[in-house]
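# Survey of secondary and tertiary structure
Residues per chain are reported as follows:
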Amino acid sequence: MHIALELEIPSDIRYIERVVEVVKQQCAQFAYPQRQCCLNIPVALSEALSNAILRGNGERLDAHVQVKIDVTQDRLILEVLDEGGGFDFEECLTDPTEPGNIEREDGRGLFLMTRLMDRIERFSNQGNVVRMTLKRHD
Amino acid sequence: MSFAIKKQGEIVVVDVEGQLIVGNRQELKQRVLDELEKGERKFLIDFSQTGYIDSSGLGVLVSLSKKIREQGGELRLANLNDDLKTLFELTKLDTLFQISDTKERALETF
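Right, let's walk through the structure included here. As the structure is a prediction and not an experimental result, all values here were calculated from the model. (Residues numbered from 1 in each chain as written. Chains lettered and ligands numbered in written order. Predicted model: local features only at pLDDT ≥ 70, side-chain atom pairs only at ≥ 80, totals over all residues. Heavy atoms only, no water.)

## As for the overall build of chain A
Along chain A, the regular secondary structure elements total 4 helices and 5 strands. In sequence order, the secondary structure elements of chain A are arranged as β-α-α-β-β-α-α-β-β. Since a compact globule built from 138 residues should have a radius of gyration of about 14 Å, the 15 Å found for chain A is in line with a globular shape. Here chain A, with 138 residues, has 49% of them falling under the buried criterion. Summarising the internal contacts of chain A: among those between residues at least 6 apart in sequence, 63% fall at separations of at least 24. Working note: accessible area of chain A is about 6800 Å², and carbon and sulfur atoms make up 45% of it. In chain A, 16 side chains carry a positive charge and 24 a negative one; their mean positions are 4 Å apart. (Helix = DSSP H or I, 4+ residues; strand = E, 2+ residues; numbered from the N terminus. Rg over C-alpha atoms; globule rule 2.2 N^0.38 Å. Buried < 20%, exposed > 50% of the residue type's maximum accessible area, 1.4 Å probe, protein only. Contact = heavy atoms within 4.5 Å. Areas by Shrake-Rupley, 256 points an atom, 1.4 Å probe, with all protein chains shown as cover. Lys, Arg positive; Asp, Glu negative; His and termini not counted. Charge placed at Lys NZ, Arg CZ, Asp CG, Glu CD.)

Right under this line is the structure:
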């Protein structure tokens, strides 16, 4: 069995928590481990959504963000699509644990996505898409 | 998600209820800075009621820690659950903050 859902939200950070709750509920239905439901999924998805809203769509209030959720017993795939031109993920990815970065206020979002998800892919499909895959780890 | 601020002796205790994320980090920052402006110097943030924290929330904690230290004060954290501890370990922020298992222990060690 798998569940596939598509959501579209206004490009507004106030909607992030609601989307995260929807995804957590779907994963809870498949009895995903508590660690993944309460840490990996909410944090990585929050980062992807805030990137899409603040960077991708540049805080344009008339823009939207689409979220595709595909969850099975074994893995979760999330796609977050914004209306921006995209950015070079590798170039923006820094290591916030390096001594010179540890006291920086920013620079942890992409790092956390890569650490909390098994795979991150980026591509364009009438917009800028981030696809995150998380395998179930019991 | 909300923040409750109360004084215990000379320590300002902030309870983070719900998430600490991009949508509410500025509120936390401003409320703590307001207390700093009033002359408070000892701060404890209690995460016993907290769900998850995103990179913006972590960034605000780093920023507040710096500002409080610059004013001769101190910021400590307490009651991180296992998931939040992992988050701090992943980002090595566990090396930057003094973190106590309980609020009581944190209050004792100020």
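So, next bit.
## Let's talk about the interface of chain B and chain A
At the interface, 27 residues of chain B touch 26 residues of chain A. Taking both partners together, chain B and chain A bury about 2200 Å²; carbon and sulfur atoms supply 60% of that area. Of all residues in chain B, the largest losses of buried area upon contact with chain A belong to B:Tyr52, B:Asp83 and B:Leu90, amounting jointly to 29% of the total for that side. Applying the counting rule to chain B against chain A returns 3 salt bridges. (Buried area = accessible area lost by both parts, 1.4 Å probe. Salt bridge = Lys/Arg side-chain N within 4 Å of Asp/Glu carboxyl O.)

## Examining the pattern of salt bridges
Residue and element names in this part refer to chain A. Counted under the stated rule, the structure contains 20 salt bridges over all chains. Here Arg 14 ties to Asp 12 by a salt bridge, and the two come within 2.7 Å at their closest N and O atoms. Classification of Arg 14 as exposed rests on a relative accessible area of 65%. The closest approach of N and O atoms between Arg 75 and Asp 70, which form a salt bridge, is 3.1 Å. Look at Arg 75 and you get partly exposed, because its relative accessible area is 24%.

## Regarding the side chain of A:Arg108
Tracing the sequence through the fold places A:Arg108 in the loop between α3 (89-92) and α4 (109-116). At 6.5 Å, A:Asp106 is the nearest oppositely charged side chain to A:Arg108, a buried residue that forms no salt bridge. Every residue in contact with A:Arg108, bar those within four places of it in the chain, is listed here: A:Pro96, A:Asn101, A:Ile102, B:Ser55, B:Leu58, B:Gly59, B:Val62, B:Thr91 and B:Leu93.

## Considering empty space enclosed by the protein
The probe, sized like a water molecule, is rolled over the atoms to show the empty space still left. Residues and elements named next belong to chain A. Evaluation of the coordinates by the stated rule reveals 2 cavities of 30 Å³ or more. Ala 48, Asn 51, Ala 52, Val 80, Asp 82, Phe 87, Phe 89, Leu 110, Met 113, Arg 122, Asn 128 and Val 130 together form the lining of the largest cavity. Listing elements by their share of the lining of the largest cavity, those giving two or more residues are α2 (34-56), β3 (75-82), α4 and β5 (128-135). Split into classes, the residues belonging to the lining of the largest cavity amount to 8 nonpolar, 2 polar and 2 charged. In this structure, the second largest cavity encloses a volume near 50 Å³. In this structure, the second largest cavity is lined by Gln 66, Lys 68, Glu 79, Val 80, Leu 81, Phe 123, Asn 125 and Val 129. With 3 residues, the single largest contributor to the lining of the second largest cavity is β3. When the residues that make up the lining of the second largest cavity are grouped by side-chain class, the tally is 4 nonpolar, 2 polar and 2 charged. (1 Å grid on protein atoms, 1.4 Å probe; cavity = no way out; pocket = protein on both sides within 12 Å on 5 of 7 lines; lining within 4 Å. Points joined across faces, edges and corners; volume = space filled by probe spheres on them. Nonpolar A, V, L, I, M, F, W, Y, C, P; charged D, E, K, R; others polar.)

The values are spatial; any link to function lies outside them.
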